[in-house]
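Residue strings, one per chain:
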Amino acid sequence: MNKKSIIATLLAFLAMTGWAQSTKTVTIKGYSPALKDSTLVLAGTGTMATVVDTVQNGHFAFTLPVEELTVGLLSFIGEGCPNFSFSLMMKPDVTVKVTGTDCIYPLWKVESPIPEQQTLNRMTEHCRDVILEHIKIEQEKDWNKFDSINMVLVKQEMDILSSLPVDAASINKLSNIARMLKNMKDFPYMEQVKDLEKSFAARAPKGFEDQLAEIHNYVYPSPLLHVGDKYIDAELFDMQGNTHRLSEAFSGGRYVLLDFWGIGCGPCMMSEPEMREVYERLKGKLEIVGINQNTLYEWKEHEFSKRIVWKNWNDGKKGSSLTGRYCDMGAIPYYVLISPEGRILWKAVGYGPGWFLGMEETFNSPKQDNSSNLGFVVRKVEANADGTKVSFRNYTKKGYWFRIAKDSYLEANGKKYKLTAADGIKLDADNYPVINAFTAKEDYIGEINYSDFTLTFEPFETIPETFDFIEGDVEGAFVIRNISLR
């Protein structure tokens, strides 16, 4: 098990949450003689898929709640089934039929009265050969070719988009492609994306203004905010439709944690019990603002949204008005901690058990930047002529181990100060935290423990205002920067 910040990545978060009941549904029916009995059928709208049926005699059928025309997902888990996303257009009171003769469901025939499904069908047919190659590479686990075949698929999708109608299906596809720009420094088809964005904006019918604005923000992003920058205000609204300003969260001189999250994101939901515990402990000192990344329907109708106890807001644009300014990458969960004075203190992506307990610890500890691993905290520093003693606490899930290298050092004023002694920990060995910090009722979190230990380093030649702790010059080492001595 890796000692570094362990980010849970669950493809299906099936048992944790559910959708509220809706009177409007879409019906999906399908058949393939190649499907084995008990193959799981997963489907959903937007970004979240759940198990909706199991195959019997090649057949499956289910209904899903839908309020309006939307792009949905269909996939299968079973012998011979590829790991590939299959998009379907869904609409209330409509029946869609999908049929095939094999298990390659992304290429099956789709019969639907929804006109936008024809747009998806044309894209699929145009990309048929590269989809087959993609599935082959995935099944053979030839990961060296995986990134390159993904880009071939993206290029083919872009090539066909220019000749397709501008509708919900094609706009959704262009949005997915544009979102990649957030995580790719040198996207090879940038000029083509710009041409498509301009063409879609000119040809789109009314009603797609928000989606087009989201695409525009990805293609022409606003300047990114960095640590130390002043926060920017924004207009958001709650689940009752009331309008709010982000600046409201700072009332009373509180720290503000921005939580960019989404339905269907396993780590986003896994973090909630620990965040709730810390939120209660820091009442009056910390405000959390959840900024949801889903459509309004997904956000409002899902049961998970309704149990959030802090500010649960949305911008109506799947978060696009703020993610481009605050988040360095298009991944969630993404956290931004802002000081009571409105300055960004740190940013972090993903979630590891113990992160928010560690964040709480830093509020009563020397000033420091531990955002590379929020669960690893400096609690006290004693610096004198005999050496520098640094007291640490490390939070992590029960049963997880961590290591501290014997070649760890402090750095200040351009000089390194070696580690000379350790108390309460074994260096270069597995250490298991055993002191309980928090036990969640939810099985997917369980118990979070901590360890306290002290490391002693060579004395500073001159006592600095701040110093860095670095766990050896290796990739992925624990690092805490700007630890204050004043």
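Residues numbered from 1 in each chain as written. Predicted model: local features only at pLDDT ≥ 70, side-chain atom pairs only at ≥ 80, totals over all residues. Heavy atoms only, no water.

So, about the nonpolar core. By size, the foremost hydrophobic cluster in this structure holds 52 residues, and its most contacted members are Phe60, Leu74, Phe76, Leu88 and Val98. For this core, the element with the highest residue contribution is helix α4 (residues 168-179), accounting for six residues. When sequence neighbours within four positions are dropped, the list of residues in contact with Phe60 reads Ile28, Lys29, Gly30, Tyr31, Leu35, Val41, Asp53, Val55, Phe76, Val98 and Trp108. Membership of the second largest hydrophobic core comes to 37 residues, among which are Cys265, Cys268, Ile308 and Ala440. (Core = buried A, V, L, I, M, F, W, Y, C linked by side-chain atoms within 4.5 Å. Buried < 20%, exposed > 50% of the residue type's maximum accessible area, 1.4 Å probe, protein only. Helix = DSSP H or I, 4+ residues; strand = E, 2+ residues; numbered from the N terminus. Contact = heavy atoms within 4.5 Å.)

With that out of the way, let us pick up the state of the cysteines. Put plainly, a disulfide is one covalent bond tying together the sulfur atoms of two cysteines. In the structure shown here, the tally under the stated rule is one disulfide. Residue Cys265 pairs covalently with Cys268 via a disulfide, S to S 2.3 Å. In this structure, the disulfide formed by Cys265 and Cys268 twists by about 80° around the S-S bond and is classed as right-handed. The buried category is assigned to Cys268, whose relative accessible area is 5%. Cysteine Cys81 is unpaired, with the sulfur of Cys103 as its nearest cysteine sulfur at 4.5 Å. According to the relative accessible area criterion, Cys81 is buried, its value standing at 15%. (Disulfide = S-S within 2.5 Å.)

A separate point is helix α6 (residues 209-219). Of the residues making up α6, those classed as buried are Leu212, Glu214, Ile215, Tyr218 and Val219. Buried positions in α6, seen along its axis, are confined to an arc of 155° and lie on one side of it. The inward-facing, buried residues of α6 abut α4, α5 (190-203) and α11 (320-326). (Arc of directions from axis to C-beta.)

Counted under the stated rule, the structure contains 24 salt bridges. Notably, a salt bridge pairs Lys155 with Asp159, separated by 2.7 Å at the nearest N-O pair. Here Lys155 pairs with Asp159, and both are found in helix α3 (residues 146-161), just four residues apart, close to one helical turn. In this structure Lys155 comes out as partly exposed when scored by relative accessible area, which is 26%. Judged by its relative accessible area of 34%, Asp159 falls in the partly exposed class. (Salt bridge = Lys/Arg side-chain N within 4 Å of Asp/Glu carboxyl O.)

Remark on secondary structure: sheet strands pair via backbone hydrogen bonds, oriented parallel or antiparallel. Spatially, the four strands line up as an open sheet ordered β3-β2-β5-β6, and their pairing is antiparallel. At either margin of the open sheet sits one strand with a lone partner, and together these are β3 (50-54) and β6 (86-90). Taken over all neighbouring pairs, the strand axes of this sheet differ in orientation by 35° on average, direction set aside. Pairing between strand β2 (residues 40-45) and strand β5 (residues 70-77): six bridges, direction antiparallel. Along β5, the bridge assignment pairs Leu42 with Ser75. (Pairing = 2+ DSSP bridges. Axes fitted to C-alpha atoms, helices over the stretch in contact; angles between N-to-C directions.)

Let us look at the side chain of Glu287. Along the polypeptide, Glu287 turns up in strand β12 (residues 286-292). The exposure class assigned to Glu287 is buried, which follows from its relative accessible area of 5%. Reaching out from Glu287, the side chain makes a polar contact with the side chain of Tyr279 at a distance of 3.1 Å. Sequence-distant contacts of Glu287, that is, excluding residues within four places in its chain, are made with Ala249, Arg254, Tyr255, Val256, Leu257, Tyr279, Trp310 and Lys311. (Polar contact = N/O pair within 3.5 Å; in protein donor to acceptor, adjacent residues only side chain to side chain.)

The next point concerns the packing of aromatic side chains. Per the stated rule, a full pass over the model turns up 27 aromatic pairs. Pairing Trp143 with Phe146 gives two aromatic rings, centres 5.5 Å apart and planes at 75°, and the pair type is edge-to-face. When the ring of Phe376 is compared with that of Phe453, the centres are 6.3 Å apart and the planes differ by 20°; the resulting orientation is stacked. Of this pair, Phe376 sits in strand β16 (residues 376-384) while Phe453 sits in strand β21 (residues 447-457), and the two are 77 residues apart along the sequence. Exposure remark for Phe453: the relative accessible area of 3% places this residue in the buried category. Taken together, the ring pairs in this structure connect Phe376, Phe392, Phe402, Phe453, Phe457, Phe469 and Phe478 into an aromatic cluster. Between Arg393 and the ring centre of Tyr450, over which it is positioned, the NZ or CZ distance is 3.8 Å. (Phe/Tyr/Trp six-rings, centres within 6.5 Å; stacked < 30°, edge-to-face > 60°. Lys NZ or Arg CZ within 6 Å of the ring centre and 35° of its normal.)

Quick look at the sheet that holds strand β4 (residues 59-65) now. Spatially, four strands are ordered β4-β1-β7-β8 in an open sheet, and the strand pairing comes out mixed. Looking at which strands have only one partner, the edges of the open sheet turn out to be β4 and β8 (109-111). In this sheet, adjacent strand axes meet at a mean angle of 15° when their direction is disregarded.

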